[in-house]
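Fold and geometry: a report
What follows is each chain in one-letter form.
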Amino acid sequence: MLQLSDPLWCKLNTAYGFGKDIPLGLVALAEHWDEVAARDLMHGELIHQETCYGATYAAAPYLLKLAEPDCNVVQRMDIAVFLSHLALCAFRVSGRDTPANGSLNGLALTLESWEKTRDPYRSKSGQGTTMQKPAGHCEIMDLELPSDDELRKFEDIRDSFLALLPDIGSLCERTFHEHLEDEYIPRYLLSGIAATEGRGELARLLDSGEDGSFACAACGTSIDYILFGDFMALYFENSEGGPAHTQEPDRALRDWEEGEAKRADCLVKALDDLEDQAEPLVDRLISLARQAENPSVELLLRNFLGEFRCAECDETCKVCAPDKSSPEP
Ligand SMILES: [Zn+2]
C-alpha cells in the first residue's frame, strides 16, 4: 500500500484536483470520524458520478483498515457502502477513458493516460491570458511527468487493490449482518459482494434496485424492469406490432406511477430453490438476502437471477447474463 508520506499522492488525481491532501483527510478521519467529511471525501472526491480516480485506489486500503475495529460500527457501515460502490465502478468501462491492459476505471498506468488526467486543468488554463489562473491549476500543470519508478508504483496500487477484493467482500458480509433491519444498506452490500466476485452486471442491477434497465443477452434490446410487489415486470424497447397496450410511450414510467403492471410485456420467471445452483456465490447471496428484513432484497436477487422470453428475438435469456470479463481473483 502507498505510504501516506509518499510524494506520489501529488500525482494521483481526484474529482477535485490532485491528491496531495488525501493523506491528511485519511489521518483526520482515523482520529475523529466525521460523517460529513467522510461523505465528502468518499462520495465527492474519490468517486464522483461513478468515475474513480488514481487516489481512490491508493486510499482504499486505509479506509478498509479504518472499518475493521469492532467498535467502529458507524465507520464500517459508511466505508462498506463506499467500497461496495468502488468494487462496482472499478471494473466499469466509462465512455471516455477505456481501461486497457488490466487498468481500472480512472487509474492511469501510462504516461499518456496520466497526461489525460490533467486535461481538465489544461483546458481551463488555456482560456485567454487576461483571466487569472487558479493557483491549484498552475500547480497541477507544473507537476513533472511520472518517472518509470512512479509508473511502477501505479501498477502496485492496482495490484494491491485487486488483492484487496476478497477483504472488501468479507467486510460487506460482516456489515450486512450488522444492518439486517435497514431498508437499503443490505442491497448495496450484496451488490458489493457480487462485484468483488466478478459478477459486475449482477452488482449493477442490485445497485439499481427496484427499477432500472438491462440489455437482452441475445439481441441487445434495451429492457426496463420494475419490481411490483413480488414479481418483476419487463418493458421492451420498440415492441412494434405488439398488442396496443405495449405501444404507449413511457409505459414503464406510467405503470410505475400507477403502481400496477398494466402495460408490461412479460414477467420474469424468478430463480427458485428447486433449481440446482451451479455457483456457490449464488447460494451465498441468496442465504444472505433471506436474512434481510426488507423482503425486496431477496425478491430482486431471485428475479435478477431468473429468466424471461425476449419479445424481440424470442430467445429465453437470463436477466443477468454471466459477465464477459471478470476481475482477477
Ligand atoms: Zn432479445
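This text follows the structure it describes.
Attention here is on the structure that accompanies the text.

The subject of this paragraph is the packing of helix α1 (residues 22–31) against helix α3 (residues 54–67). When two helices pack together, their arrangement is captured by the angle between the axes and the distance separating the axes. Where α1 meets α3, the axes come as close as 11 Å, and the angle between the chain directions of the two elements is 10°. As summarised for this structure, α1 and α3 are arranged roughly parallel, according to the angle between their axes. Every pair of crossing elements has a handedness; the one defined by α1 and α3 is right-handed. Contacts between α1 and α3 involve I22, L26, L29 and A30 from the former and A55, A59, Y62 and L66 from the latter.

One ladder, built from five bridges, connects strand β3 (residues 211–215) with strand β4 (residues 222–228); its direction is antiparallel. By the bridge assignment, G212 is partnered in β4 with Y225. Joining the antiparallel neighbours β3 and β4 is a turn of six residues, in which G220 adopts a positive phi near 85°.

A few words now on helix α9 (residues 185–196). Along its twelve residues, α9 runs 17 Å from first to last C-alpha, staying within 8% of the 16 Å computed at 1.5 Å per residue. α9 sits mainly inside the fold: twelve of its twelve residues count as buried. Every buried residue belonging to α9 is among I185, P186, R187, Y188, L189, L190, S191, G192, I193, A194, A195 and T196, and all of these are buried. On the buried face of α9, the contacting elements are α4 (73–90), α8 (148–178), α10 (200–208), α12 (280–291) and α13 (296–304). Phi for G198, located one or two positions after α9, is positive at around 85°.

Before going further, it helps to spend a moment on the sheet that holds strand β5 (residues 231–236). Taken in spatial order, the four strands make up an open sheet running β3-β4-β5-β6, and their pairing is antiparallel. Unpaired on one side and paired on the other, β3 and β6 (266–267) mark the two borders of the sheet. Where β5 and β6 come together, two bridges link them in antiparallel fashion. From the neighbouring strand, A233 faces β6, where its bridge partner is L267. The strands that helix α11 (residues 251–258) touches are β3, β4 and β5; relative to β4, the one it contacts most, it runs at about 5°.

On to the nonpolar core, then. Residues L83, L86, L190, L234 and F304 are the most contacted members of the largest nonpolar core, which totals 86 residues. Looking at this core, the element that brings in the most residues is α4, giving ten residues. Among the domains, domain 1 (7–178) and domain 2 (207–318) are the pair contributing at least three residues each to this core. If near-sequence neighbours (up to four positions away) are discounted, F304 is found in contact with L202, L205, L206, V319 and C320.

The rules behind these values
- Residues numbered from 1 in each chain as written.
- Predicted model: local features only at pLDDT ≥ 70, side-chain atom pairs only at ≥ 80, totals over all residues.
- Axes fitted to C-alpha atoms, helices over the stretch in contact; angles between N-to-C directions.
- Helix = DSSP H or I, 4+ residues; strand = E, 2+ residues; numbered from the N terminus.
- Parallel < 35°, antiparallel > 145°, perpendicular 65-115°, else oblique.
- Left-handed = near helix turned anticlockwise from the far one by under 90°.
- Contact = placed C-beta atoms within 7 Å.
- Pairing = 2+ DSSP bridges.
- Expected span 1.5 Å × (residues − 1).
- Buried ≥ 20, exposed ≤ 12 C-beta atoms within 10 Å, placed from the backbone.
- Core = buried A, V, L, I, M, F, W, Y, C linked by C-beta atoms within 7 Å.
- Domains from an automatic or database assignment.

Function cannot be inferred from these measures alone, as they are strictly geometric.
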